[in-house]
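The primary structure of each chain is shown beneath.
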Amino acid sequence: MAMCAGIWLLLWALHIQGGSGQMVQMDSSKSGLVGSQVELRCIFSNSNPPVKISQVTWQKLLNGTKQNVAIANPALGVSVLQPFKERVSFKHAAVRHRTPSLEDTTIVFSNLQLSDEAAYICEYTTFPAGNRENMVNLTVYARPMTQMTLTTPTIVARAQKRKMTVATCVSANGKPPSVIKWDTRLKGEATFQETRNANGTVTVRSNYVVIPSRETHKQKLTCIVTYRSEKITESVVLNVQYEPDVKIEGFDGNWYLNRQNVQLTCRADANPPVTIYQWKLLNGSLPSNVEIKNNTLFFKGPVTYDLAGTYVCDATNGIGTRTGIVDVNITEFPNNPPPGGSEIPQEQHNAGAAIGGAVGGVALLGVAAILLFVFLRRRQRTFKGDYSTKKHVFGNGYSKAGGLPAHPPIPKNLQYPDDSDDEKKPAQIGNTGGFEASERDFDGEAEDLKRPYFTVDERESRDYDERTLAFQYDPEPEIADDMISQTDGSVISKKEWYV
């Protein structure tokens, strides 16, 4: 039906434009809010020579039906019909005279109503040109009534953690409908509903849903309503009631014997505030030296082992009762003495223990090293030679019985080098004695049979004044490098000795 009316209005407008040209001037559209005032302009541009205006008629066109609103006649005057009589008038006073001037017949709507929304035709009856008319579309807007309310004056947080609507934002009887948004830090969700009213307005409703808790208490919730280009905001602060959240303060883990002025305090965050505090000791009764003041336990006198145990505080408000628990243990000595006390800080105790341990370890290592040195020294003294400064190099002249072959006399100042497996070659040791090994000219066999062998202490060779040589006469198997001759003529292996 509305689509048909729109098509009919379009065709009518085309008909008016085709028949009237530019002689009747009007705005194509006008708008206003309910209760406001609006002017509908209508001006007749007379021709040259001018035509005679017999009458001007304003009509309301709604759903294809015309309804007269106001009439201006040069001879009969003006007439405003019901139901517009109290709210519609011609703008210019000259029109209202017995012989009016009808070139400008603008009308004024006062106290605009939603029912005024329609198309309005301004029609001129002229002679001899006939009828000339034009049309304006009047749109009426309705500014909505916006309201934000709490669902209930008191919101209670329950242990079941159920969702509930805490606030409602309504934009009622708006035309066109409003858009609602929420601004808050709460973690919730919004629901929306639109209702179209019989007068053409729309009511928009939005509910905000959260799970009430201690965290939602005193949180701000803002509803933002956008109507055309206007923004309307309203805010509320949630008042959430919840059971006490209890914890016990005062035990620092360092209650030791003879400590003074210790106490336990029951702290509770609750809405409404806690009205009753109750203290008890689990599996026992409170110590005799305890004094209770409000939410605090004061322990008189020095700390004793009797104070140890599990302390319980029950806090009650108008919503419910919750409990706080703390385990108190007593030590003989302080773990972390209070600042300014005469006790040595725990860190210094730890450092002293570490230093003492290190010193003890070093002492043990020293004792072990001394014992090992004595043991090895005593083992060395059981051997009749000295391997640290002497090296024996033999030819193959050992007898089968283990005796040493005869050799030229050895100078008394002979010294021996450190033990080494490297074979030494003959070298000039002193200037006396007149033997130069490198100058000897042996033939092949003689060289094999009479090759000189000798030992030299490399560090002190410059102090020798004689050479010491040993000659091997009969080719016999050589003694291994690890074999050492003893004073009794026997031979001992180094490996066997050290093992």
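Calculation notes
Residues numbered from 1 in each chain as written. Predicted model: local features only at pLDDT ≥ 70, side-chain atom pairs only at ≥ 80, totals over all residues. Heavy atoms only, no water. Patch = residues over 30% accessible without salt bridge, like charges linked within 9 Å, V, L, I, M, F, W, Y side chains within 5 Å. Areas by Shrake-Rupley, 256 points an atom, 1.4 Å probe, with all protein chains shown as cover. Salt bridge = Lys/Arg side-chain N within 4 Å of Asp/Glu carboxyl O. Helix = DSSP H or I, 4+ residues; strand = E, 2+ residues; numbered from the N terminus. Buried < 20%, exposed > 50% of the residue type's maximum accessible area, 1.4 Å probe, protein only. Pairing = 2+ DSSP bridges. Disulfide = S-S within 2.5 Å. pLDDT = per-residue confidence, 0-100. Contact = heavy atoms within 4.5 Å. Core = buried A, V, L, I, M, F, W, Y, C linked by side-chain atoms within 4.5 Å.

### Details of a nonpolar patch on the surface
Then comes step 1: A surface patch of nonpolar side chains, about 310 Å² in accessible area, is lined by Ile 370, Phe 373 and Val 374.
Then comes step 2: Take Val 374: it is sitting in helix α2 (residues 346-381).
Then comes step 3: A residue is classified by how much of its surface remains accessible, and Val 374, at 41% relative accessible area, is partly exposed.

### Topic: the sheet that holds strand β22 (residues 262-271)
Then comes step 1: Strand order in the open sheet formed by 5 strands is β13-β20-β22-β25-β24, and the pairing between neighbours is mixed. The open sheet has two edge strands with one neighbour each: β13 (155-156) and β24 (290-293).
Then comes step 2: In terms of strand pairing, β22 meets strand β25 (residues 296-299) through 4 bridges, oriented antiparallel. The residue of β25 that forms the bridge with Gln 263 is Phe 298.

### Regarding the state of the cysteines
Then comes step 1: In this structure the tally under the stated criterion is 3 disulfides.
Then comes step 2: There is a disulfide in this structure between Cys 42 and Cys 122, and the S-S distance comes to 1.9 Å. Across the S-S bond linking Cys 42 and Cys 122, the dihedral sits near -85°, which makes this disulfide left-handed. Of this pair, Cys 42 sits in the loop between β3 (38-40) and β4 (43-44) while Cys 122 is found in strand β10 (residues 118-127), placing the two residues 80 residues apart along the sequence. Each member of the pair, Cys 42 as well as Cys 122, is classed as buried.

### Comments concerning the confidence of the model for the chain
Then comes step 1: Looking at the chain as a whole, its pLDDT mean stands at 77, while 66% of the residues score no less than 70.
Then comes step 2: The least confident element of the chain, judged by mean pLDDT, is strand β30 (residues 470-471) at 41; the most confident is strand β17 (residues 202-210) at 97.
Then comes step 3: Below pLDDT 50 for its whole length, residues 341-353 participates in 9 contacts with residues either more than four positions away or in separate chains.
Then comes step 4: Low confidence marks residues 410-476, where pLDDT is under 50. Its contacts with residues over four positions away, or in another chain, come to 118 contacts.

### Digging into the nonpolar core
Then comes step 1: Among the nonpolar cores identified, the biggest contains 30 residues, and Leu 40, Trp 58, Phe 109, Tyr 120 and Tyr 124 are the most heavily contacted of them.
Then comes step 2: Those elements that provide at least two residues to this core are β3, β5 (52-62), β6 (65-73), β8 (88-90), β9 (107-109), β10 and β11 (130-141).
Then comes step 3: Per element, the largest residue contribution to this core is 4 residues, and it comes from β10.
Then comes step 4: Excluding residues that lie within four positions of it along the chain, Tyr 120 makes contacts with Met 26, Leu 40, Trp 58, Gln 59, Lys 60, Val 69, Phe 84, Phe 109, Asn 134, Met 135, Val 136 and Leu 138.

### Structural notes on the pairing of strand β16 (residues 189-196)
Then comes step 1: Sheet analysis places β16 next to β17, joined by 8 bridges and oriented antiparallel. In the sheet register, Ala 190 faces β17, and the bridge partner there is Tyr 208.
Then comes step 2: Counting the residues that bridge the hairpin from β16 to β17 gives 5 residues, and of these Gly 200 lies at a positive phi of roughly 95°.

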